[in-house]
Amino acid sequence: MDELTPRQIVAELDKYIIGQGAAKRAVAIALRNRYRRRQLDADMRDDIIPKNILMIGPTGVGKTEIARRLASLAHAPFVKVEATKFTEVGYVGRDVDSMVRDLVQSAVRMVEREKMDEVTDKAKERAIDRILDILQPKPKVHERVANQVSNQVESLADALNNMFRGAPAGTIPPPQASPAPSEPADAGDEAARKRSEQAERIRARLREQIVDGSRDQDPISIDVEDNAAPPLLQILGAQPGMPDDLGGDMQGMLGGLLPKRRKRRNVTIAEAKEILAHEEARLMIDQDQVTREAIERAEQTGIIFVDEMDKIAGKGDGAGRGPDVSREGVQRDILPIIEGSTVQTKYGSVRTDYVLFIAAGAFHLSKPSDLIPELQGRLPIRVELDNLTVEDFRRILTEPRNALIRQYEALLASEGVTLTFSEDGIEEIARIAALANEQMENIGARRLHTIMERLLDEVSFEAPADAPFSVMVNAPYVRQKLEAIVKDEDLSHYIL
């Protein structure tokens, strides 16, 4: 973050999101303020809390994408939740604390992945060793060598016993020298040595083949850890009224009390290398350190995106029924989380004082002032996102790194179809998308996904059989495929 100024943050967001300059500026400043806060003395730093943001705008204009890209840019733990999924304490449903538990879980996965990447090379070596032990076990120690080692251990034990009994030092018999394994005493030892050398040569040859991938498609049976929750916890988690993550939370809290279960899997050697390397990497990292770092990262840099905030705005109808149940109660439960409180998770206590909250909603049927005053005060930065125009749709189709046109060109090229979009074809797609949003519900850029699927439906269906062939998507082609649907408003409600 020390290298990313607010202007640079906006420039990075521009690579994926078209327009919405005010929202990008707001999140860029909020993100940069986190870096500025860390440069201050501890006394001043503790008094500075994040300025949470409320985004106002219709669906599909980039609210969620801005928050997600911001978290990715900052390498910060991120979680998206819907306010409508929560219920007031006393009702069946998810409690608001679960958003913090989800954030910590995201942070744990992030830190764990980083730690595992650090040991990935060594983990791959250990995985190859495990595969080698399955295909060609190490030769057992020869019986004569084992007896010699046992005799030496017994002699050392006797010497120590005599020493503790007070025997003179000179009376302790020295350990008897034994012939080295490389000098066998008889023909049996010589045969054992040859068998051992042959086994080692086979193992060395196998290792080369496993490393260079020449045996990647060979089958192998491996024992791996079974991470599924025990049946009892699965049954408990499936009961009505139980939290969605009960099984995982209980399994984490019980920890080592539950025995590690393993299961046999039949896979190829290529899959075994990946599975066992992942398992070895997990064994090599310090889970306590991962937990400590994850909690600190969640507390100091975590971002929680609360969508559909407008759906819980305003008071309920007082009847205690329907979608209005406990809407104001949910707001009051969310308030202490945003204000700053301590939440208990299976990884430990987590403070939310410095977590950045980005709330969002369309606010078609309500307005931000319908939120309870205390919650409004915890969302001091308000930004309104604009409706998308024809020009915005055209830019969305072509400019972002993950532009829709590039996606469809790449998808169909995989089966030999050359898809080419002309400028007038792109303009026509953008015009129809804007028109559909005007005539029907405004779903923003998501309308482009529906239109593109309808436009290329026939090409996508025929591609496997008729390829290779080329398709030019120009304005006449677009009008031929879509204009009849757009003109029939009743039909377009169902198709577009």
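Look up a bit, the structure's there.
Residues numbered from 1 in each chain as written. Predicted model: local features only at pLDDT ≥ 70, side-chain atom pairs only at ≥ 80, totals over all residues. Heavy atoms only, no water.

K.L.:
Can you lay out the overall build of the protein chain for me, pointing to particular residues and giving the numbers?
P.N.:
Each helix and strand in the protein chain was counted, giving 21 helices and 11 strands. By residue count, 40% of the 496 residues in the protein chain fall in the buried class. Of the contacts made within the protein chain by residues no fewer than 6 positions apart, 78% connect residues no fewer than 24 positions apart. As presented, the protein chain carries roughly 27800 Å² of accessible surface, and 50% of it is formed by carbon and sulfur atoms. (Helix = DSSP H or I, 4+ residues; strand = E, 2+ residues; numbered from the N terminus. Buried < 20%, exposed > 50% of the residue type's maximum accessible area, 1.4 Å probe, protein only. Contact = heavy atoms within 4.5 Å. Areas by Shrake-Rupley, 256 points an atom, 1.4 Å probe, with all protein chains shown as cover.)

K.L.:
Can you break down helix 18 (residues 446-455) residue by residue, with the values?
P.N.:
Listing the buried residues of helix 18 in full gives Arg 447, Leu 448, Ile 451, Met 452 and Leu 455. Here the buried residues of helix 18 occupy an arc of 130 degrees about the axis, which is enough to place them on one side. (Arc of directions from axis to C-beta.)

K.L.:
I'd like to hear about a negative patch on the surface, residue by residue, with values.
P.N.:
A cluster of like negative charges, contributed by Asp 41, Asp 43, Asp 46 and Asp 47, occupies part of the molecular surface. Relative to the assigned elements, Asp 43 resides in helix 3 (residues 42-47). Judged by relative accessible area, which is 67%, Asp 43 ranks as exposed. (Patch = residues over 30% accessible without salt bridge, like charges linked within 9 Å, V, L, I, M, F, W, Y side chains within 5 Å. Salt bridge = Lys/Arg side-chain N within 4 Å of Asp/Glu carboxyl O. Lys, Arg positive; Asp, Glu negative; His and termini not counted. Charge placed at Lys NZ, Arg CZ, Asp CG, Glu CD.)

K.L.:
Tell me about helix 15 (residues 390-398), and please be specific about residues and values.
P.N.:
Buried residues of helix 15: Asp 392, Phe 393, Arg 394, Ile 396 and Leu 397, and no others. Taken together, the buried residues of helix 15 touch helix 16 (404-413), helix 17 (423-439) and helix 18.

K.L.:
Talk me through the packing of aromatic side chains; I want residue IDs and the actual numbers.
P.N.:
The geometry of an aromatic ring pair comes down to the distance between the two centres and the angle between the two planes. Across all of its chains, the model carries 0 aromatic pairs by this definition. The ring of Tyr 354 carries Arg 37 above its face, with NZ or CZ at 3.9 Å from the centroid. (Phe/Tyr/Trp six-rings, centres within 6.5 Å; stacked < 30°, edge-to-face > 60°. Lys NZ or Arg CZ within 6 Å of the ring centre and 35° of its normal.)

K.L.:
Would you mind going over the sheet that holds strand 2 (residues 78-82) in detail, with residue names and values included?
P.N.:
Read from one edge of the open sheet, 5 strands run 2-5-8-1-9, paired in parallel fashion. At either end of the open sheet lies a strand with only one pairing partner, and these are strand 2 and strand 9 (381-384). Across the sheet, the axes of successive neighbouring strands diverge by a mean angle of 20 degrees, strand direction being ignored. Relative to strand 8 (residues 356-361), strand 1 (residues 53-56) is paired through 4 bridges, and the arrangement is parallel. What sits directly across from Leu 54, in strand 8, is Ala 359. (Pairing = 2+ DSSP bridges. Axes fitted to C-alpha atoms, helices over the stretch in contact; angles between N-to-C directions.)

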